[in-house]
Amino acid sequence: QLFIKDLHFDGVPVRIYLPREPPASKRRGVIFFHGGCGIFGSIRSYERICRYLARKSDSVVVSVGYHLAPEHRYPAQTLECLTATVHFLKTAETYGVDPARIILCGDSVGGTYAASVCQELGHRTDIPKIRAQVLIYPFLQALNFNLPSHQKNAAIAFLSRERAVHYILKYLSKDCSLKEPVLAGSHVPESMNLKYRKWINPDLIPEVFKVGYKPPLPTLFLPQVHGEVQELFEPWFSPLLAEDAVVCGLPDTCIITCEHDVLRDDGLLYKKRLEDNNVQVTWHHLDKGFH
């Protein structure tokens with residue numbers, strides 16, 4: 001049912017899935033960024049998902065094979081996702097795609113890349129606008145690892161709270177001994193906590209998701225740890241930290257969250273941010289879902 005081809009978009013490896021059935025009109029396009037903390041995963045490991053998306057939605061799917069960290073240092077991954085997206089927006093018609101109907105989609109860190117690329121392209125007028133973004137349990141902030149979902153799912157299989165921070169440090173080529181102070185929140189100065197309270201705060205999480213939550217005890221700020229992890233405070237890494245002027249320019253959004261997932265509250269907080277900035281949001285929550 002599909003014609004599948006490996007290509008390079010401005011040097012970035014991609015695999016493109018084109019439905020064989022001749023279309024009645026130009027098709028929709030889906031740019032897909034796979035998950036894996038930026039250090040695992042590949043086009044091949046997401047082959048079935050991308051085939052399924054192309055068939056079921058009758059869309060042309062572009063799966064982006066960005067190069068992995070730590071061999072390719074951050075932000076190489078975000079930059080390659082951005083490069084591939086811009087290339088496809090400019091050349092969509094070559095593949096029978098309507099450039100006004102292209103969405104970005106990604107799971108986990110792929111959702112981070114989708115969010116970052118949408119923020120980056122929001123105000124550009126030289127290329128077609130992204131039609132929508134689909135963020136599947138995205139990672140969106142590295143300020144607070146003590147939100148209700150972090151507590152509730154701290155020891156959940158596959159992506160525990162500790163493992164999440166371990167992978168973040170690996171991804172950024174940092175010393176993993178920084179894990180404990182980052183988990184405790186010692187990497188964030190009080191001034192920054194106050195600045196971002198309006199966006200990253202357990203009070204913004206609906207009560208139904210806070211059963212059993214205990215606010216953490218205050219922690220001591222460690223300037224040397226803060227200095228080591230500056231990347232965590234960049235909107236490219238933590239899209240929840242983008243200014244309202246950027247967020248209000250985002251396209252229609254679909255956010256998928258899972259109950260048994262340390263990253264659940266990242267999705268809930270971003271949903272609120274987008275809604276507060278009048279961005280159209282569709283939200284799906286999987287009660288029995290896990291990361």
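Residues numbered from 1 in each chain as written. Predicted model: local features only at pLDDT ≥ 70, side-chain atom pairs only at ≥ 80, totals over all residues. Heavy atoms only, no water.

Caption draft 1: Region of the structure containing the packing of helix H2 (residues 76-91) against helix H3 (residues 109-121). In the contact formed by H2 and H3, the axes pass within 10 Å of each other and the chain directions differ by 60 degrees. With respect to their mutual orientation, H2 and H3 come out oblique. Crossing hand, H2 versus H3: right-handed. In this structure, H2 uses Gln77, Thr78, Cys81, Leu82, Thr85, Val86 and Leu89 to contact H3, whose residues at the interface are Tyr113, Ser116, Val117, Glu120 and Leu121. Among the residues making up the contact of H2 with H3, the classes are represented as seven nonpolar, four polar and one charged. (Axes fitted to C-alpha atoms, helices over the stretch in contact; angles between N-to-C directions. Helix = DSSP H or I, 4+ residues; strand = E, 2+ residues; numbered from the N terminus. Parallel < 35°, antiparallel > 145°, perpendicular 65-115°, else oblique. Left-handed = near helix turned anticlockwise from the far one by under 90°. Contact = heavy atoms within 4.5 Å. Nonpolar A, V, L, I, M, F, W, Y, C, P; charged D, E, K, R; others polar.)

Caption draft 2: Broad picture of helix H10 (residues 264-276). For H10, with 13 residues, the first-to-last C-alpha span of 19 Å sits near the 18 Å given by 1.5 Å per residue. Of all 13 residues in H10, 10 are buried; the element is thus mostly enclosed. What H10 keeps buried is the set Arg264, Asp265, Asp266, Gly267, Leu268, Leu269, Tyr270, Lys271, Arg273 and Leu274. Those residues of H10 that are buried are in contact with H3, strand S6 (132-136), helix H4 (148-152), helix H9 (244-247), strand S7 (252-260) and strand S8 (281-290). (Expected span 1.5 Å × (residues − 1). Buried < 20%, exposed > 50% of the residue type's maximum accessible area, 1.4 Å probe, protein only.)

Caption draft 3: Inspection of the sheet that holds strand S3 (residues 27-33) at higher detail. Spatial strand order, S1-S2-S4-S3-S5-S6-S7-S8: eight strands in an open sheet with mixed pairing. The open sheet has two edge strands, strand S1 (2-9) and S8, and neither has a second partner. Within this sheet the neighbouring strands show an average axis-to-axis angle of 20 degrees, counted without direction. For S7 and S8, the ladder comprises seven bridges, and the chain directions are parallel. Across the sheet, Cys258 pairs through a bridge with Leu286, a residue of S8. Sitting on the sheet, H3 is in contact with S3, strand S5 (97-107) and S6, with an inclination near 140 degrees to S5. (Pairing = 2+ DSSP bridges.)

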